[in-house]
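Observations on the model geometry
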Amino acid sequence: MKKGISFLLLASMLASLVAGCSQSNDSSPAPESSSTAPVSSAAESSGSESAGGLSAEAGSFPLTDEKVEFSLMIQDSATVGPLDQNEFYKWYEEKTGVHINFTEVPAAAMVEQVNLMLVSGDYPDMMMCCGASLGVTPSLEMLYGSQGVFLPLNSYIEKWGKETQEVFSLYSGQLPAAITATDGNIYSLPNINDCYHCTYTGKLWINQTWLDTLKLPAPTTTEEFREVLRAFKNNDPNGNGKADEIPIMGSKAYGSNGNPNLFLLNSFLYCPNSPDMLYVDDNGKVACAATQPEYKDGLAYIRSLVEEGLLDASTYTQTGDQLKQFAIDPEGMKLGAYPHMTATNITDTIDNTPDQRTKNYGPLAPLKGPAGYQNTPITGQPYYSGYFIITSACENPELAFRWADGLYSEECTLNSQIGMPDTGRIIPTEGSKGINGEPALYQSIKIPAGTDNFVRAQNITLARRTSDFRLAQYVDYSDPDYRIRDNEVRLFEATRDFYEPYAHAQNHLPDAYLTEEEASEVAQLTSTVSSYIEEQMVLFILGSRDLDTEWDSYLKEFDSMNLNRLLEIRQAAYDRQYK
């Protein structure tokens, strides 16, 4: 540890920094950009160009001929035990010659602890803070990078970043531009966790058994969907002679994925899965979906479903457990459709209901609205910025970087995320297939309760979990119910066939670096605007506000919230980084 910026200077900045730290990253991948930032440094990285004892070639091991120790501040995990006892880190120490002294911090305390550490000036050599939502925002990176507390990594990436450069090539439309600060420096390495099905949320699952019983095709337009819901409500598809069917229902507990608004609004306009509903229009301008006339049309459509009793109003008040209990009612199937990113969260797994309830539901592709528009919003991102940082306390930053770079390798990713051979994973036999039908790379071993803590370092360690890596997990295709039993297969196929083809990626607003002042202002404006949008959406849908007579007054309120200022800041940041 060593002292950095003066305590008084940092203390005076803390109030605004906390606001910036609490702002979570937008969770979607950045669009392709031709303005990829160069790897060569805009400012000289500190540290020696060649430290004694380092192995000569990038990517070669061990990294040092004599034992070297580093201090690392890292997120604790409920599913990973003390890291000094972890099988992966024991193996990696033998491989690299580097010993790590861990300071583990619970996720709930990470933001506070990062800020306290920065204010105190008593830094660890390295930080692995699990991204901007848990401690290190882009604005913090720029502030402390400009002060010399966070070291620029550009020259290390250029000279020693064998695995890092490969990661950049895999995401060449997004990296390194998305992690390059406005001064041209890269102050952190991103964690790669590319969840294919998470990228395309806003899914809706419809009762295929009921469609078959009523001899109805899957609806493709909003009006066809209305007719199907009417049939579900009125034509006794569960065959019990009772009018007990609810055509569609969700739950407030699951946020935008728990009610059908996200799915249905994207039949009218690009409606992002973000509380502030900001997106990039076809002219490259940052806009808010919640102020567009098509948004009003979408709300009117959803309101009409509620008025007719097709969309159950309890969607906007009930808990997730209440929705699930209705969906798996042992008396019989009563639910026609439900929204969620995954199928089994609502209807449970194949083995947990006597009638294997989840088998009855399948994905429904985005519907065409009155103007023919249909869209799946992009809501995931393949990387998490701000994940790994080297501080000015580090006396051998070159070696520290090489230690981190090695974590991106396929071998390290397998061993850290899936587990060591024979204890955490099995190498699949030749001919085995993964989730995507390609050759399987690994088969996870089910770990007895209480021992998983020491086998894996999953989700808290820098890794390269690309989409191809995640989808290379072994699947038992001999099981006739593999598609339903293995939820990952079900989600992969649903995403590939029903959702990805309709994504308008060019309208997604990616993350961009904000200055400290911008971050503080954006956090306040976003909180106000987002709360208003969420509140008013429900009021309009449930009829507490009238869309015809109160729409203009609804729009006028955005002026008092300074929405235009929010758009201005986000536009400037977007232009700086991606144009």
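Here, the structure is the one placed above.
The text that follows walks through the structure, step by step, so that each part is easy to find. Values in this document were obtained by computation on a predicted structure and should not be read as measured data. (Residues numbered from 1 in each chain as written. Predicted model: local features only at pLDDT ≥ 70, side-chain atom pairs only at ≥ 80, totals over all residues. Heavy atoms only, no water.)

Some words on the overall build of the protein chain
- Per the secondary structure count, the protein chain includes 22 helices and 14 strands.
- Residue pairs in contact within the protein chain that sit at least 24 positions apart in sequence constitute 80% of those at least 6 positions apart.
- Summed over its atoms, the accessible surface of the protein chain is roughly 23200 Å², and 49% of this surface lies on carbon and sulfur atoms. (Helix = DSSP H or I, 4+ residues; strand = E, 2+ residues; numbered from the N terminus. Contact = heavy atoms within 4.5 Å. Areas by Shrake-Rupley, 256 points an atom, 1.4 Å probe, with all protein chains shown as cover.)

A closer look at unusual backbone geometry
- Cis geometry is adopted by the peptide bond preceding Pro62, which originates at Phe61 and carries an omega value of -5°.
- Note that Pro62 resides in the loop between helix H1 (7–22) and strand S1 (68–75).
- Here the residue pair Leu175 and Pro176 is connected by a cis peptide bond, since its omega of 5° sits within 30 degrees of zero.
- Of note in the backbone geometry, Lys215 takes a positive phi value of approximately 55° without being a glycine.
- With respect to the secondary-structure elements, Lys215 resides in the loop between helix H8 (208–213) and helix H9 (222–234).
- Take Lys215: its relative accessible area is 73%, and that puts it in the exposed class. (Buried < 20%, exposed > 50% of the residue type's maximum accessible area, 1.4 Å probe, protein only.)

A short note on the state of the cysteines
- Going through the model one piece at a time under the given rule, you end up with 1 disulfide.
- Cys195 shares a disulfide with Cys198; S-S distance 2.1 Å. Between Cys195 and Cys198, the disulfide has an S-S torsion of 65° and is therefore right-handed.
- Note on Cys198: relative accessible area 24%, which makes it partly exposed. (Disulfide = S-S within 2.5 Å.)

Here we look at the sheet that holds strand S5 (residues 204–207)
- Sheet architecture is open: 4 strands sit in the order S6-S9-S5-S10, paired in mixed fashion. On the outer flanks of this sheet lie strand S6 (246–248) and strand S10 (361–363), each paired with one strand and no other. Going from strand to strand, the sheet's axes swing by 25° on average, the running direction of each strand aside.
- With 2 bridges connecting them, S6 and strand S9 (residues 335–339) associate as parallel partners. (Pairing = 2+ DSSP bridges. Axes fitted to C-alpha atoms, helices over the stretch in contact; angles between N-to-C directions.)

Concerning the nonpolar core
- Ranked by internal contacts, the top residues of the largest apolar core, which has 155 residues, are Met128, Phe225, Tyr295 and Trp403.
- Residues in contact with Trp403, not counting those within four places in the same chain, are Leu63, Leu72, Tyr89, Tyr92, Thr96, Val98, Ile100, Met126, Met128 and Phe388.
- Ile418, Tyr442, Phe469 and Ala472 belong to the second-largest nonpolar core, a separate cluster that totals 5 residues. (Core = buried A, V, L, I, M, F, W, Y, C linked by side-chain atoms within 4.5 Å.)

Structural notes on the packing of helix H11 (residues 293–307) against helix H20 (residues 516–542)
- Between H11 and H20, whose axes approach to 8 Å, the crossing angle comes to 50°. One element, H11, and the other, H20, form an angle in the oblique class. From H11, Tyr295, Leu299, Ile302, Arg303 and Val306 reach across to H20, where they touch Ile533, Met537, Phe540, Ile541 and Leu542.
- By residue class, the composition of the contact of H11 with H20 is 9 nonpolar, no polar and 1 charged. (Parallel < 35°, antiparallel > 145°, perpendicular 65-115°, else oblique. Nonpolar A, V, L, I, M, F, W, Y, C, P; charged D, E, K, R; others polar.)

Thoughts on helix H12 (residues 320–327)
- What H12 keeps buried is the set Gly320, Leu323, Phe326 and Ala327. One side of H12 holds all its buried residues, which, seen down the axis, span an arc of 130°. Away from its buried face, by an angle of more than 90 degrees, H12 presents the exposed residues Asp321 and Gln325.
- Where H12 is buried, its residues contact S6, S9 and helix H13 (344–347). (Arc of directions from axis to C-beta.)

Points about the sheet that holds S1
- Ordered by their spatial adjacency, 6 strands build an open sheet running S2-S1-S3-S11-S4-S14, and the pairing between neighbours is mixed. Two strands close off the open sheet at either side, each with one partner strand: strand S2 (98–105) and strand S14 (464–465).
- Pairing of S1 with S2 involves 8 bridges; the strand directions are parallel. Along S2, the bridge assignment pairs Gln75 with Val105.
- Contacting S1, S2 and strand S3 (126–128), helix H2 (residues 87–96) runs over the sheet at an angle of about 150° to S2.

A short note on the pattern of salt bridges
- Within the structure shown, the criterion is met by 24 salt bridges.
- The partner of Glu223 in a salt bridge is Arg226, and the shortest N-O contact between them spans 3.1 Å. Of this pair, Glu223 and Arg226 are both found in helix H9, 3 residues apart, which corresponds to roughly one turn of the helix.
- We classify Glu223 as partly exposed; its relative accessible area is 42%.
- The residue Lys359 makes a salt bridge to Asp481 at a minimum N-O spacing of 3.2 Å. One end of the pair, Lys359, is in the loop between H13 and S10; the other, Asp481, is in the loop between helix H17 (467–470) and helix H18 (482–485), and 122 residues separate them in sequence. (Salt bridge = Lys/Arg side-chain N within 4 Å of Asp/Glu carboxyl O.)

As for the pairing of strand S11 (residues 383–390)
- Within S11, 7 of the 8 residues are buried, which leaves it mostly tucked inside the rest of the structure.
- In the sheet, S3 pairs with S11 via 3 bridges, with the strands oriented antiparallel. By the bridge assignment for S11, Met128 is matched with Phe388.
- Note that strand S4 (residues 189–193) and S11 share 3 bridges and pair antiparallel. Looking at the pairing, Leu189 lines up with Phe388 of S11.

Considerations on the packing of H9 against H11
- Closest axis-to-axis distance for the H9/H11 pair is 12 Å, and the angle between their directions is 10°. The orientation of H9 with respect to H11, classified from their angle, is roughly parallel. Across the interface between the two elements, Thr222, Glu223, Phe225, Arg226 and Leu229 of H9 pack against Tyr301, Ser304 and Leu305 of H11.
- Its residues placed into classes, the contact of H9 with H11 shows 4 nonpolar, 2 polar and 2 charged.

Things to note about the environment of Lys324
- Within the secondary structure, Lys324 is located in helix H12.
- Remark: the alpha-carbon pair of Lys324 and Ile346, spanning 22 residues in sequence, is separated by 4.9 Å.
- If sequence neighbours within four positions are ignored, Lys324 has contacts with Asn345, Ile346 and Asp348.

A few points about the packing of aromatic side chains
- As enumerated under the stated definition, the model contains 25 aromatic pairs in all.
- A centroid spacing of 5.9 Å and a plane angle of 70° characterise the contact between Tyr196 and Tyr200, whose relative ring orientation is edge-to-face. Comparing Tyr196 with Tyr200 shows no difference in burial state: the two are buried.
- One aromatic cluster in this structure is built from Phe88, Tyr89, Trp91, Tyr92, Phe102, Phe388 and Trp403.
- Taking NZ or CZ as reference, Lys95 lies 4.4 Å from the ring centre of Phe61, over its face.
- Between Lys203 and the ring centre of Tyr499, over which it is positioned, the NZ or CZ distance is 5.4 Å. (Phe/Tyr/Trp six-rings, centres within 6.5 Å; stacked < 30°, edge-to-face > 60°. Lys NZ or Arg CZ within 6 Å of the ring centre and 35° of its normal.)

That's the geometry; what it means functionally is another story.
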